[in-house]
Amino acid sequence: MKFAVPLVLFAALAGLLAAGLRRDPHLVPSPLIDKPAPAFHLARLDEPSRAFSPQELLGKVWLLNTWASWCVSCRQEHPLLMALSKAEVVPIYGLNYKDNRADALEWLSQMGNPYVLNVQDINGRVGIDYGVYGVPETYLIDKAGVIRYKQIGPLTLESLEKTILPIVGNLNDELAK
Amino acid sequence: MRSLLLFLVLLSNPSGDSDLEHRVMTLSQQFRCLVCQNETIADSHADLAADLRQQIREQMIAGRTDAEITTFLSDRYGDFVLYRPRVSPRTYALWFGPFAMLAAGLFALYLFLKSRLWTLNRRTLSADENRKADAILQFSSNPNVAVYRDQFAEIESDFRIGVIVQEEYERDRVDLKRRLLEEEISKQAPKTPERLLNNSRG
């Protein structure tokens, strides 16, 4: 009985620390969830003379995928993006982050282009507005232009099936505000 | 030589404005780099940290205050970037938890010392208390005191046959006498007619 109190306290502390060990410190929750997607006006990758702004997609549910040709994990998620674009469930727009235009175009011609279109964020300014801290990151944006989900790191089959596609389904049923 | 020095200074200060650079570095020391999470934005060599320092620099030139820049960063990257988290209900445990634990520890220490002092006090009796207890044992007609006499006899025989050692024997006797005194005293407290009657008879 005399040892019960310290024992229980120790068990509680050990449990707390064990729970802390299981969490991935690299997953920083984004404060932008349920906030309007930051506006931008950037040159398109295919035709730099034309610009694109997310305003044009109001009324649509879409994915904004940040990527770069120098990014290793982007190579890993690329086949999934290709499959997703073929399935035509949700349009994918690309934010080509701090990349070189020639390298990016080369990448798309070699590996396939899953994007409706890409914009160039050459100095990473728009990336900062979106809280990007490591490509790839993918944002799910609803009909009202609000960020509803953020995938940090490469997309996986699991994250698509369990999280992103169900949310896309719900959002498509919503009426645009 | 002088021009080399000037060149080096300019190299380390791209803007050439050392006051501004000082302000940029001081403020960026308060932000956590998201790529190398145990480094500040001032110290990190990550690309993102350099970009963020540049952002901070430009915003300072544009006349923004440190508080505005802090909000700019936490709006985008969350409170996680702040090495000095804001005081809010979510961070109360962080800010005040250690003080609460210190207070709880001091309180526990106080309780422990108090109970130890109390036990130590119990272990000795003043000569007066001793005499009084002996008198009660010897002369009281109270049936409860008879129970105490039996207990004293038991301690005595335990000691004689070696079940308890001298030290235990003495401690038990003191404890018993103290309990006896406490019981007698608590009985004295309310002066009931019965009590007065007993006195006049004795």
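Cut-offs applied
- Residues numbered from 1 in each chain as written.
- Chains lettered and ligands numbered in written order.
- Predicted model: local features only at pLDDT ≥ 70, side-chain atom pairs only at ≥ 80, totals over all residues.
- Helix = DSSP H or I, 4+ residues; strand = E, 2+ residues; numbered from the N terminus.
- Buried ≥ 20, exposed ≤ 12 C-beta atoms within 10 Å, placed from the backbone.
- Contact = placed C-beta atoms within 7 Å.
- Pairing = 2+ DSSP bridges.
- Core = buried A, V, L, I, M, F, W, Y, C linked by C-beta atoms within 7 Å.
- Nonpolar A, V, L, I, M, F, W, Y, C, P; charged D, E, K, R; others polar.
- pLDDT = per-residue confidence, 0-100.
- Axes fitted to C-alpha atoms, helices over the stretch in contact; angles between N-to-C directions.
- Expected span 1.5 Å × (residues − 1).
- Parallel < 35°, antiparallel > 145°, perpendicular 65-115°, else oblique.
- Left-handed = near helix turned anticlockwise from the far one by under 90°.

**Considering the overall build of chain B**
Phase 1 of the analysis: The helix and strand inventory of chain B stands at nine helices and zero strands.
Phase 2 of the analysis: Within chain B, buried positions represent 13% of all 202 residues.
Phase 3 of the analysis: Relative to all contacts within chain B whose residues are 6 or more apart in sequence, the contacts with residues 24 or more apart total 48%.

**With respect to the overall build of chain A**
Phase 1 of the analysis: Secondary structure assignment for chain A yields five helices and seven strands.
Phase 2 of the analysis: Helices and strands appear in chain A in the N-to-C order α-β-β-β-α-β-α-β-α-β-β-α.
Phase 3 of the analysis: For chain A, with 177 residues in total, the buried portion stands at 35%.
Phase 4 of the analysis: Restricting to contacts in chain A with at least 6 residues of sequence separation, those with at least 24 account for 74%.

**Side note on the pairing of strand S3 (residues 62-67) of chain A**
Residues and elements named next belong to chain A.
Phase 1 of the analysis: Most of S3 sits inside the fold, with six of its six residues counted as buried.
Phase 2 of the analysis: What you see with S3 is no split at all: Trp-62, Leu-64 and Thr-66 on one side and Leu-63, Asn-65 and Trp-67 on the other are buried throughout.
Phase 3 of the analysis: Pairing geometry for S3 and strand S6 (residues 137-141), over five bridges, is antiparallel. When the bridges of S6 are listed, Thr-66 appears paired with Glu-137.
Phase 4 of the analysis: Of the strand pairs in this sheet, S3 and strand S4 (residues 92-97) are connected by five bridges, and their pairing is parallel. Paired with Thr-66 across the two strands is Leu-95, which belongs to S4.

**Re the nonpolar core**
Phase 1 of the analysis: In terms of nonpolar packing, the biggest core is built from 54 residues, with Trp-62, Leu-63, Leu-64, Ile-92, Tyr-139 and Ile-141 of chain A together with Leu-34 of chain B touching the most fellow members.
Phase 2 of the analysis: Top element by residues in this core is helix H3 (residues 47-61) of chain B. It accounts for five residues.
Phase 3 of the analysis: For Leu-34 of chain B, the contacting residues outside a window of four places in its chain are Val-28 and Tyr-133 of chain A together with Leu-48, Tyr-77 and Val-81 of chain B.

**A look at the interface of chain B and chain A**
Phase 1 of the analysis: Taken together, the contact between chain B and chain A spans twelve residues of the former and eleven residues of the latter.
Phase 2 of the analysis: Those elements that place two or more of their residues in the side of chain B that touches chain A are H3 and helix H4 (66-77) of chain B.
Phase 3 of the analysis: The dominant element in the side of chain B that touches chain A, judged by the number of residues it contributes, is H3 of chain B, at four residues.
Phase 4 of the analysis: The residue makeup of the side of chain B that touches chain A, split by class, is six nonpolar, three polar and three charged.

**A short note on the confidence of the model for chain B**
Caution is warranted with low-pLDDT regions, since their predicted coordinates should not be read in detail.
Residues and elements named next belong to chain B.
Phase 1 of the analysis: Averaged over every residue, the pLDDT of chain B is 83; the share at 70 or more is 82%.
Phase 2 of the analysis: By mean pLDDT, the top-scoring element of chain B is H3 (94), and the lowest-scoring one is helix H9 (residues 193-201) (50).
Phase 3 of the analysis: Overall fold confidence (pTM) sits at 0.69, and the ipTM for the predicted complex is 0.83.

**Topic: the environment of Gly-153 of chain A**
All names here are of chain A.
Phase 1 of the analysis: The residue Gly-153 is located in the loop between strand S7 (147-152) and helix H5 (157-173) in this model.
Phase 2 of the analysis: Accessibility expressed as a C-beta count within 10 Å gives 17 for Gly-153, which makes it partly exposed.
Phase 3 of the analysis: Residues Gly-153 and Val-135, spaced 18 residues apart in sequence, show a C-alpha to C-alpha distance of 6.5 Å.
Phase 4 of the analysis: In contact with Gly-153, not counting residues within four places along its chain, are Ser-73 and Pro-136.

**Let's talk about unusual backbone geometry**
Residues and elements named next belong to chain A.
Phase 1 of the analysis: The omega torsion of the bond from Val-135 to Pro-136 falls at -5 degrees, within 30 degrees of zero and hence cis.
Phase 2 of the analysis: With respect to the helices and strands, the residue Pro-136 is situated in the loop between helix H4 (125-129) and S6.
Phase 3 of the analysis: The backbone phi angle of Lys-98 is positive, close to 45 degrees, even though this residue is not glycine.
Phase 4 of the analysis: Tracing the sequence through the fold places Lys-98 in the loop between S4 and helix H3 (101-111).
Phase 5 of the analysis: Classification of Lys-98 as buried rests on a count of 20 C-beta atoms within 10 Å.

**Quick word on the sheet that holds S7 of chain A**
All names here are of chain A.
Phase 1 of the analysis: Spatial ordering of the open sheet is given by S5-S4-S3-S6-S7, a layout of five strands whose pairing is mixed. Each edge of the open sheet is held by one strand with a lone partner, namely strand S5 (117-121) and S7. In this sheet, neighbouring strand axes are inclined to one another by 20 degrees on average, regardless of whether the strands run parallel or antiparallel.

**Quick look at H5 of chain A**
Because the α-helix completes a turn every 3.6 residues, residues three or four places apart line up on one side.
Residues and elements named next belong to chain A.
Phase 1 of the analysis: Taking 1.5 Å per residue as the helical rise, H5 with its 17 residues ought to reach 24 Å, and the 23 Å between its terminal C-alpha atoms agrees with that figure.
Phase 2 of the analysis: Those residues of H5 that fall on the buried side of the exposure criterion are Leu-160, Ile-164, Val-168 and Leu-171.
Phase 3 of the analysis: Against helix H2 (72-87), S6 and S7 lie the buried residues of H5.

**Some points on the packing of helix H2 (residues 18-28) of chain B against H3 of chain B**
All names here are of chain B.
Phase 1 of the analysis: In contact at an axis separation of 10 Å, H2 and H3 are set at 125 degrees when each is read in the N-to-C sense. By the angle class used here, H2 and H3 are oblique. In this structure, the crossing between H2 and H3 has a hand that is right-handed. Mapping the contact onto sequence places Leu-20, Arg-23, Val-24, Leu-27 and Ser-28 in H2 and Arg-53, Ile-56, Arg-57 and Met-60 in H3.
Phase 2 of the analysis: Residue composition of the contact of H2 with H3, grouped by class: five nonpolar, one polar and three charged.

**Here we look at the pairing of S6 of chain A**
All names here are of chain A.
Phase 1 of the analysis: Across the five residues that make up S6, a large majority, five, are buried.
Phase 2 of the analysis: As paired elements, S6 and S7 share five bridges and run antiparallel to each other. Looking at S7, one finds that Glu-137 is bridged to Ile-152.
Phase 3 of the analysis: Here S6 hands over to S7 after five residues, with Gly-145 in that stretch at a positive phi of 80 degrees.

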